[in-house]
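Each chain is listed here by its residues.
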Amino acid sequence: MKKAGFIMITIMLGLFITPIMLANANDVPQPLSLPADYRILDNAEADVTGDGYIDTIYLTGHQRQIGSLYTDDLSITVENGADHSLTRYPLNKLGGYRMHLFAGDFSGDKVADVYVEVESGGSGGWSYHNIISLNANDPKEIFGEQNNQSKSITGKFIDGLKAEITNTVNGKTIAIDVRERLKDYLRLGIYGEDGIVKKETSIMIAPFSKLEPIDYDRDGIFELKGIQRISGAYRADGIADVETVLKYNGTAWNSQSVKVTVFMDTAGVGIVAPKPASSSAPN
Ligand SMILES: [Ca+2]
Ligand SMILES: [Ca+2]
């Protein structure tokens, strides 16, 4: 991803010279006038408005505290390459750490969209992701909060001490053995001693921890490859990771491929690793 961005910028440097000034210690172009506690967090160059001129895209945010990496009130500002006008798009409710921009075509209109990744900083290790189309100076979110919690899989505990995971697209299921957690699940009332489900319980699927732009089917349009953690009775009860490839069809993101990776150190028969009581509280 970084490499692609570098190549794109290298090519563009040969094509066009811009009058923007190099400013602060971050050594990024800074034509924006920002309040004192706001920062430019990342920038990228690409034609995102579709007029053939290379635009400059800035990710800015409010630094809550001096010395803290946490930034909120994030927004994207596009400096139009044709007339240097500025268009701002606020990324509502987003705040976090180590955020970055990427420009590439996800929507299939041959005009680059703006992808933003922001680490939540939470214990689940997941990140927020946004993709904004700015074609024709008409900002439109094509990947947002509801997409970040992918619905391509669901899961529940089933009789016989197994977690059943279902691909919601094709209805296919796999079952992961969870019998070495029996003690914990008995305590929580999920299973009886006979291994029969006592309390219908869904397994937990976290938002994407990573979501990487990748041209999976090599058609010149980016797809997204994402990783989500599957947990059993509570977040720390990790069972597996699921890797999904999502493709945008103009209105929705469809999963193209779903791959489940089971943690061999915690799942399977014959491995006995009882959890200490102190770390097994549900959250
Ligand atoms: Ca443009
Ligand atoms: Ca593609």
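Summarised in this report is the structure supplied together with it. Just so we're clear, the structure is a prediction, and the values are computed from it rather than from any experiment.

Moving on: the sheet that holds strand S10 (residues 162-167). The antiparallel open sheet is built from three strands, whose spatial order is S9-S10-S11. This sheet does not close on itself; its edge strands, each paired only once, are strand S9 (153-158) and strand S11 (173-177). Pairwise comparison of adjacent strand axes, ignoring direction, gives a mean angle of 25° for this sheet. The sheet contact formed by S9 and S10 spans six bridges and is antiparallel.

On the secondary structure map, Gly122 appears in the loop between strand S6 (113-119) and strand S7 (127-133). Looking at Gly122, the number of C-beta atoms within 10 Å reads 12, which means it is exposed. For Gly122 and Gly96, which are 26 residues apart along the polypeptide, the C-alpha to C-alpha distance reads 9.1 Å.

On to the nonpolar core, then. By size, the foremost hydrophobic cluster in this structure holds 36 residues, and its most contacted members are Val48, Ile57, Leu59, Ile76, Ala103, Val114 and Val116. Secondary-structure elements contributing two or more residues to this core are strand S1 (38-46), strand S2 (55-63), strand S3 (71-79), strand S5 (95-104), S6, S7 and strand S15 (238-248). Counting residues per element, this core draws most heavily on S6, which supplies four residues. Residue contributions to this core reach at least three from each of two domains, namely domain 1 (2-148) and domain 2 (153-279). Every residue in contact with Leu59, bar those within four places of it in the chain, is listed here: Leu41, Asp42, Leu74, Ile76, Met99, Leu101 and Val116.

Right, let's get into the environment of Asp47. On the secondary structure map, Asp47 appears in the loop between S1 and S2. When the 20 C-beta atoms within 10 Å are taken as the criterion, Asp47 is described as buried. The spatial distance from the C-alpha of Asp47 to the C-alpha of Asn80 is 8.5 Å, given a sequence separation of 33 residues. With near-sequence residues (within four places) excluded, Asp47 lies in contact with Gly52, Tyr53, Ile54, Asp55, Gly81, Val111 and Ala112.

Rules and cut-offs
Residues numbered from 1 in each chain as written. Chains lettered and ligands numbered in written order. Predicted model: local features only at pLDDT ≥ 70, side-chain atom pairs only at ≥ 80, totals over all residues. Pairing = 2+ DSSP bridges. Helix = DSSP H or I, 4+ residues; strand = E, 2+ residues; numbered from the N terminus. Axes fitted to C-alpha atoms, helices over the stretch in contact; angles between N-to-C directions. Buried ≥ 20, exposed ≤ 12 C-beta atoms within 10 Å, placed from the backbone. Core = buried A, V, L, I, M, F, W, Y, C linked by C-beta atoms within 7 Å. Domains from an automatic or database assignment. Contact = placed C-beta atoms within 7 Å.

Coordinates in, geometry out; function isn't part of it.
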